[in-house]
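Structural description and commentary
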Amino acid sequence: MSKIISLASEKPDLTVLMGTKASNLNKLLHLGFNVPSGFCITSEVYHEHFNKSGIDKIEINNSLSPEEKINILNKIREKIINSPLNGNLKKEIEELFHLLGSNSVAVRSSCTAEDLGKNSFAGQYDTFLDISTIEDCILSIKKCWASLWNERVFRYREKYKINHREASMAVIVQTLIKADFSGVLFTIDPVK
């Protein structure tokens, strides 16, 4: 299977590879909703980039001081952003970016553990809007991956004992539509 999947993919449930947000967009599309076209860089790509960058060797544990953790998180984010993408992957992203034929795109995080039964990471990962060049698109993809390691997300995983190494991020590149209004819909009471 390709490491990049169309949002319109006909394959069965791809949440593990596409993350919750991309998987839900895929479902909405197949229910007939008007979902802007796009593609998803799977969580497999995140893991390959993470390991290739040598970040998997960085030790993170509870015995570190808060300051040491912040320094390590900064180092992880820098390595994710500054490490080059695999050449073939970069070429495929460039081709798909140009095939969208859009003046601008949204680059959106789609974490594989975004909305769990007892936890919600809603609003904690980065999204980048009005991206018009392939260079900015690729940088934004890496920044989405890096947002998995921001301090707020890290502390949230610690609080709920979610394994840091098992956290994974897919990224959506999607045609950006100009909207007059936008909003968030909660289907259950977010306070309860």
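Here is a short report on the structure shown in this document.

Rules used in this analysis
- Residues numbered from 1 in each chain as written.
- Predicted model: local features only at pLDDT ≥ 70, side-chain atom pairs only at ≥ 80, totals over all residues.
- Heavy atoms only, no water.
- Helix = DSSP H or I, 4+ residues; strand = E, 2+ residues; numbered from the N terminus.
- Rg over C-alpha atoms; globule rule 2.2 N^0.38 Å.
- Buried < 20%, exposed > 50% of the residue type's maximum accessible area, 1.4 Å probe, protein only.
- Contact = heavy atoms within 4.5 Å.
- Areas by Shrake-Rupley, 256 points an atom, 1.4 Å probe, with all protein chains shown as cover.
- Lys, Arg positive; Asp, Glu negative; His and termini not counted.
- Charge placed at Lys NZ, Arg CZ, Asp CG, Glu CD.
- Core = buried A, V, L, I, M, F, W, Y, C linked by side-chain atoms within 4.5 Å.
- Expected span 1.5 Å × (residues − 1).
- Bend = angle between axes of the 7 residues up to and from the residue.
- Axes fitted to C-alpha atoms, helices over the stretch in contact; angles between N-to-C directions.
- Parallel < 35°, antiparallel > 145°, perpendicular 65-115°, else oblique.
- Left-handed = near helix turned anticlockwise from the far one by under 90°.
- Phe/Tyr/Trp six-rings, centres within 6.5 Å; stacked < 30°, edge-to-face > 60°.
- Lys NZ or Arg CZ within 6 Å of the ring centre and 35° of its normal.
- Pairing = 2+ DSSP bridges.

This next bit is on the overall build of the chain. What the chain contains, in helices and strands, is six helices and five strands. Starting at the N terminus and ending at the C terminus, the chain contains elements arranged as β-α-β-α-α-α-β-β-α-α-β. Taking 192 residues into account, the globule formula puts the C-alpha radius of gyration at 16 Å, and the chain, at 17 Å, falls close to it. For the chain, the spread of C-alpha atoms along the three principal axes comes to 50 × 45 × 35 Å. For the chain, with 192 residues in total, the buried portion stands at 44%. Restricting to contacts in the chain with at least 6 residues of sequence separation, those with at least 24 account for 74%. As displayed, the chain has an accessible area near 11,200 Å², and 53% of this comes from carbon and sulfur atoms. One way to put it: in the chain the 24 positive side-chain charges average out to a point 3 Å from where the 23 negative ones average out.

This paragraph deals with the nonpolar core. The biggest cluster of nonpolar side chains holds 40 residues, and the ones touching the most others in it are Ile93, Val107, Trp145 and Trp149. The dominant element in this core, judged by the number of residues it contributes, is helix H5 (residues 134-146), at seven residues. If sequence neighbours within four positions are ignored, Trp145 has contacts with Ile41, Val45, Tyr46, His49, Ile80, Leu85, Met169 and Val171.

The next point concerns helix H1 (residues 15-30). Taking 1.5 Å per residue, 16 residues should reach 22 Å; H1 reaches only 15 Å between its end C-alpha atoms and comes up short. In the structure, H1 departs most strongly from a straight axis at Lys21, where the bend amounts to approximately 80°. Within H1 the residues assigned to the buried category are Leu17, Met18, Gly19, Thr20, Ala22, Ser23, Leu25 and Asn26. One or two positions beyond H1, positive phi appears at Gly32, with a value near 100°.

Before going further, it helps to examine the packing of helix H3 (residues 66-82) against H5. At a closest axis distance of 8 Å, the pairing of H3 and H5 adopts a crossing angle of 155°. Put simply, H3 runs roughly antiparallel to H5. Where H3 crosses over H5, the handedness of that crossing is right-handed. Together, Arg77, Ile80 and Ile81 of H3 and Leu139, Lys142, Lys143, Trp145 and Ala146 of H5 make up the contact between the two elements.

Our next topic: the packing of aromatic side chains. Inspection of the entire model under this criterion finds three aromatic pairs. Judged by centre distance (5.6 Å) and plane angle (40°), the ring pair of Tyr46 and Phe50 falls under tilted. Taken together, the residues Tyr46 and Phe50, both in helix H2 (residues 43-52) and four residues apart, mark about one turn of the helix. Overall, the relative accessible area of 2% leaves Tyr46 in the buried class. Members of the aromatic cluster, joined through ring pairs, are Tyr46, Phe50, Trp145 and Trp149. Across the ring face of Trp149, the terminal group of Arg157 is positioned such that the distance to the ring centre comes to 4.9 Å.

Bringing the pairing of strand E5 (residues 169-175) into the picture now. Counting buried residues in E5 gives seven out of seven residues, a clear majority hidden from the surface. Note: strand E2 (residues 38-41) against E5, four bridges, orientation antiparallel. Paired with Phe39 across the two strands is Val173, which belongs to E5. As judged from the seven bridges shared by strand E3 (residues 105-111) and E5, these two strands associate in the antiparallel manner. In the strand pairing of E5, Ser109 is matched with Val171.

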